[in-house]
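Listed here are the chains, written in short residue letters.
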Amino acid sequence: MLEAAKHGNVEFINAMREANHDLLWAMDDHGRDIFSYAVLHRKYNVFQLMSSLCGNKDIINYTTDMLGNNLLHLAARLGPLSDLNLRPGAALQMQREIQWFKAVVEVVHIKCREAKNDEGKKPEEIFIETHKELMKDGEKWAKETAATFAIVGGLVITVMFAAIFTVPGGLLQDTGMPILIKQKRFTVFIVADVISLLASIITVLIYIDLQTSRYAPTDFLKRLPIKIMSGLGFLSLSLVSMMIAYCAALGIVLQKSSLYKHFYVGIVVLTCVLFILLVPLQLISQIVNFTTVNPINGRQETFIRRVFRYSRVFVKMLVYYICDPLSNFFFKFVVKISGS
């Protein structure tokens, strides 16, 4: 039974339970049962099964092994590599470890949170001690990701800012207005250029904030993954808008040539859709699932609540990165003007 729990073999556990119910309480030489093995080896299916089967909560609440460790002490230890490698990046691996710890917190008695083992250590102390290196790796991974995407966002800002002053078709010498301002393709070019520029600026601001953020254990649960996901989403929007602006400019230049259609299919469909959209969206969808769906206790937010919660996060993010800096700028500007 213990080996089955170690490898997550729920079918074998159920079969043996039906044959002899007392086998559920099998223990090893260290006084650890199936529940302890499920927590130690991060087998969420065995954890869910035992949570549903154990009617006597006192058995879960007060069970300790030979070293005085309760379930929360065991959950505070670093999980096996086979479980950590299920997620890309040390920050998301740290998120999974925190999800496991919080899932066990919901199961055990509240006194277990402050209980000490034979070494005199509390569960939180063991968690900090055993996850110290993973936290450092998660911080390094997040900052390196932030630096990489900030560089890309800065390059897009430079290109899109310069494109406004070198519009396709040129400018009128006497007024400085674009010659092709009344064409629809030119309107698409301007709108896409502005969207790309703004999205790139927001991307750089988000990843600057990531560089200066704190990296406490609880921040890896939602705060940091949401920032990474938001920055990657705005960067993808910036790149897609840049490609749209490029295709609109290409359409203006080659509007009398049939080659424009081939450029549109080759560049927009293959490059923009397949690479700029699918690759970032895959990571974004993974972060959304990891953050909104708890794989340990099976709890999942409804689609409406998820959309509502992330819309609030999006609004707060816009207020934090755009409205607050603009309001501070205008306030300082008004004070300066009134003082002069």
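An unreviewed UniProt entry lists the protein chain under the name PGG domain-containing protein, with Vigna angularis var. angularis given as the organism. Word for word, the UniProt comment on the protein chain under Subcellular location (unreviewed entry) is "Cell membrane".

Caption draft 1: Up close: the environment of A91. Mapped onto the secondary structure, A91 falls in helix α8 (residues 90-107). Judged by its relative accessible area of 5%, A91 falls in the buried class. Once you skip the residues sitting within four places of it in the chain, A91 turns out to touch G138, W141 and F220.

Caption draft 2: Broad picture of helix α4 (residues 44-53). Regarding α4, the residues found buried are V46, F47, L49 and M50. All buried residues of α4 project into a common sector of 165 degrees when viewed along the axis, lining one side. The secondary structure elements touched by the buried residues of α4 are α1 (2-7), α2 (10-19), α3 (34-40) and α8.

Caption draft 3: Looking closely at the pattern of salt bridges. Following the criterion strictly, the structure yields eight salt bridges and no others. Here R96 ties to D83 by a salt bridge, and the two come within 2.8 Å at their closest N and O atoms. Here the residue R96 occupies a position in helix α8, and D83 occupies one in helix α7 (residues 81-84), the gap between them amounting to 13 residues. In this pair, the class of R96 matches that of D83, namely buried. The residue E119 makes a salt bridge to K121 at a minimum N-O spacing of 3.9 Å.

Caption draft 4: Highlighting the packing of α8 against helix α9 (residues 123-130). Their axes nearest at 12 Å, the elements α8 and α9 cross at an angle of 165 degrees. When the axis of α8 is compared with that of α9, the two are roughly antiparallel. Both α8 and α9 take part in a crossing whose hand is right-handed. Across the interface between the two elements, M94, E97, I98 and F101 of α8 pack against P123, E124 and F127 of α9.

Caption draft 5: Broad picture of the packing of aromatic side chains. For the coordinates displayed, the defined rule picks out five aromatic pairs. Taking 5.4 Å as the distance between ring centres and 75 degrees as the angle between the ring planes, the aromatic pair formed by F47 and W100 counts as edge-to-face. With F47 in helix α4 and W100 in helix α8, this residue pair connects regions lying 53 residues apart in the sequence. Comparing F47 with W100 shows no difference in burial state: the two are buried. With 5.6 Å between their ring centres and 35 degrees between their planes, F149 and Y207 make a pair best called tilted. One end of the pair, F149, is in helix α10 (residues 132-165); the other, Y207, is in helix α11 (residues 184-212), with 58 residues separating them in the sequence. Here the aromatic residues F35, F47 and W100 are joined through ring pairs into a cluster of three or more.

Rules used throughout
- Residues numbered from 1 in each chain as written.
- Predicted model: local features only at pLDDT ≥ 70, side-chain atom pairs only at ≥ 80, totals over all residues.
- Heavy atoms only, no water.
- UniProt positions renumbered as here; feature names shortened; annotations may be inferred.
- Helix = DSSP H or I, 4+ residues; strand = E, 2+ residues; numbered from the N terminus.
- Buried < 20%, exposed > 50% of the residue type's maximum accessible area, 1.4 Å probe, protein only.
- Contact = heavy atoms within 4.5 Å.
- Arc of directions from axis to C-beta.
- Salt bridge = Lys/Arg side-chain N within 4 Å of Asp/Glu carboxyl O.
- Axes fitted to C-alpha atoms, helices over the stretch in contact; angles between N-to-C directions.
- Parallel < 35°, antiparallel > 145°, perpendicular 65-115°, else oblique.
- Left-handed = near helix turned anticlockwise from the far one by under 90°.
- Phe/Tyr/Trp six-rings, centres within 6.5 Å; stacked < 30°, edge-to-face > 60°.

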